[in-house]
Amino acid sequence: RSSCDASRGPKRQLAQLIAPATAARLSNDRNMAARDLFKHGRPFSFVRHGEGAHDALIDEGKQEAGRGLLDPELTETGHDQAAALAKELSTPERNFDVVVTSPLTRALQTTAHIVK
């Protein structure tokens, strides 16, 4: 199974949330959309994922177990962090035209909180 397989839970949920809007915006001309972002001086926002299960294990001194997780999900703390960030980012001044994220589960879960 590919790491970007949309049939997995969080990845499917994210695809359902952002696919219609993203497809509509980018289907006409992908290059024009990218040029417009730069041409008009649109701001960029960079976000790091919330705490993953591997982070919690490493923090507990279980480095080997933490590094052994290839695609860990967010912990409860990570979901709380992502929800708090989403609240902070949901101001009238912020309007996301395009969302780009890693195919890793923890990044997709964080993104799903933001694009709800």
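Residues numbered from 1 in each chain as written. Predicted model: local features only at pLDDT ≥ 70, side-chain atom pairs only at ≥ 80, totals over all residues. Heavy atoms only, no water.

1. Section: the overall build of the protein chain
Filter applied, for reference: Starting at the N terminus, helices and strands are each numbered in turn, a helix being any DSSP run of H or I of at least four residues and a strand any DSSP run of E of at least two. Burial classes: relative accessible area under 20% of the type maximum marks a residue as buried, over 50% as exposed, and values in between as partly exposed (1.4 Å probe, protein chains only). Whether two residues are in contact is decided by their heavy atoms, any of which lying within 4.5 Å being enough. Note on areas: Shrake-Rupley, 1.4 Å probe, and residue coverage restricted to the protein chains presented here.
Tallying secondary structure elements over the protein chain gives six helices and zero strands in all. Each helix and strand of the protein chain, placed in order from N terminus to C terminus, yields the pattern α-α-α-α-α-α. Within the protein chain, the fraction of its 116 residues that count as buried is 24%. Counting only contacts in the protein chain whose residues sit at least 6 apart along the sequence, the fraction spanning at least 24 positions is 63%. Taken as a whole, the protein chain presents about 8,100 Å² of accessible surface, with 53% of it coming from carbon and sulfur.

2. A word on the pattern of salt bridges
Note the cut-off: By salt bridge we mean one thing: a side-chain nitrogen of Lys or Arg within 4 Å of a carboxyl oxygen of Asp or Glu.
For the coordinates displayed, the defined rule picks out one salt bridge. Glu60 is the salt-bridge partner of Lys62, the closest N and O atoms lying 3.4 Å from each other. A residue is classified by how much of its surface remains accessible, and Glu60, at 51% relative accessible area, is exposed.

3. Looking at the side chain of His113
Selection rule: What qualifies as a polar contact is a pair of N or O atoms within 3.5 Å, subject to a donor-acceptor requirement within protein and to the restriction that residues adjacent in sequence count only when both atoms come from side chains.
The topology assignment puts His113 in helix H6 (residues 105-115). For His113, a relative accessible area of 18% puts it in the buried group. Looking at His113, its side chain comes within polar contact range of the side chain of His79, at 2.9 Å. Those residues within four positions of His113 in sequence are excluded, and the remaining contacts are His79, Ala82, Ala83 and Ala86.

4. So, helix H5 (residues 76-89)
Note the threshold: An expected span of 1.5 Å times one less than the residue number is assigned to each helix. The directions from the helix axis to the C-beta atoms are what the arc is built from.
For H5, with 14 residues, the first-to-last C-alpha span of 20 Å sits near the 20 Å given by 1.5 Å per residue. Among all positions in H5, only Gly78, Ala82, Ala86 and Leu89 are buried. What you see down the axis of H5 is that its buried residues fit within an arc of 75 degrees, all on one side. Within H5, the exposed residues directed more than 90 degrees away from the buried face are Glu76, Asp80, Lys87 and Glu88. Contact partners of the buried residues in H5: H6.

5. Focus on the packing of H5 against H6
What counts, and what does not: In this analysis, axes come from line fits to C-alpha atoms, helices being fitted only over the stretch in contact, and the angle between any two N-to-C directions falls in the range 0 to 180 degrees. If you view the pair so one helix is near and one far, a crossing is left-handed when the near helix is turned anticlockwise from the far one by less than a right angle, and right-handed when it is turned clockwise. When residues are grouped by polarity, Ala, Val, Leu, Ile, Met, Phe, Trp, Tyr, Cys and Pro land in nonpolar, Asp, Glu, Lys and Arg in charged, and all others, Gly among them, in polar.
One can describe the packing of H5 onto H6 by two numbers: an axis separation of 8 Å at closest approach and a directional angle of 35 degrees. For the element pair H5 and H6, the recorded crossing hand is right-handed. Note on element contacts: H6 touches H5 through Gln109, Thr110, His113 and Ile114, opposite His79, Ala82, Ala83, Leu85, Ala86 and Leu89. Class assignment for the residues of the contact of H5 with H6 results in six nonpolar, four polar and no charged.

6. Focus on the environment of Leu74
Within the secondary structure layout, Leu74 lies in the loop between helix H4 (63-68) and H5. Along the primary structure Leu74 and Ala107 are separated by 33 residues, whereas in three dimensions their C-alpha atoms are 8.5 Å apart. Not counting residues within four places of it along the chain, the set of residues in contact with Leu74 comprises Gly50, Glu51, Gly52, His79, Ala82, Arg106, Gln109 and Thr110.

7. Examining the side chain of His54
Mapped onto the elements, His54 comes out in helix H3 (residues 53-59). Those residues in contact with His54, other than ones at most four positions away along the chain, are His49, Gly66, Leu69, Pro72 and Arg106.

Remember, this is a structural readout, not a statement about activity or role.
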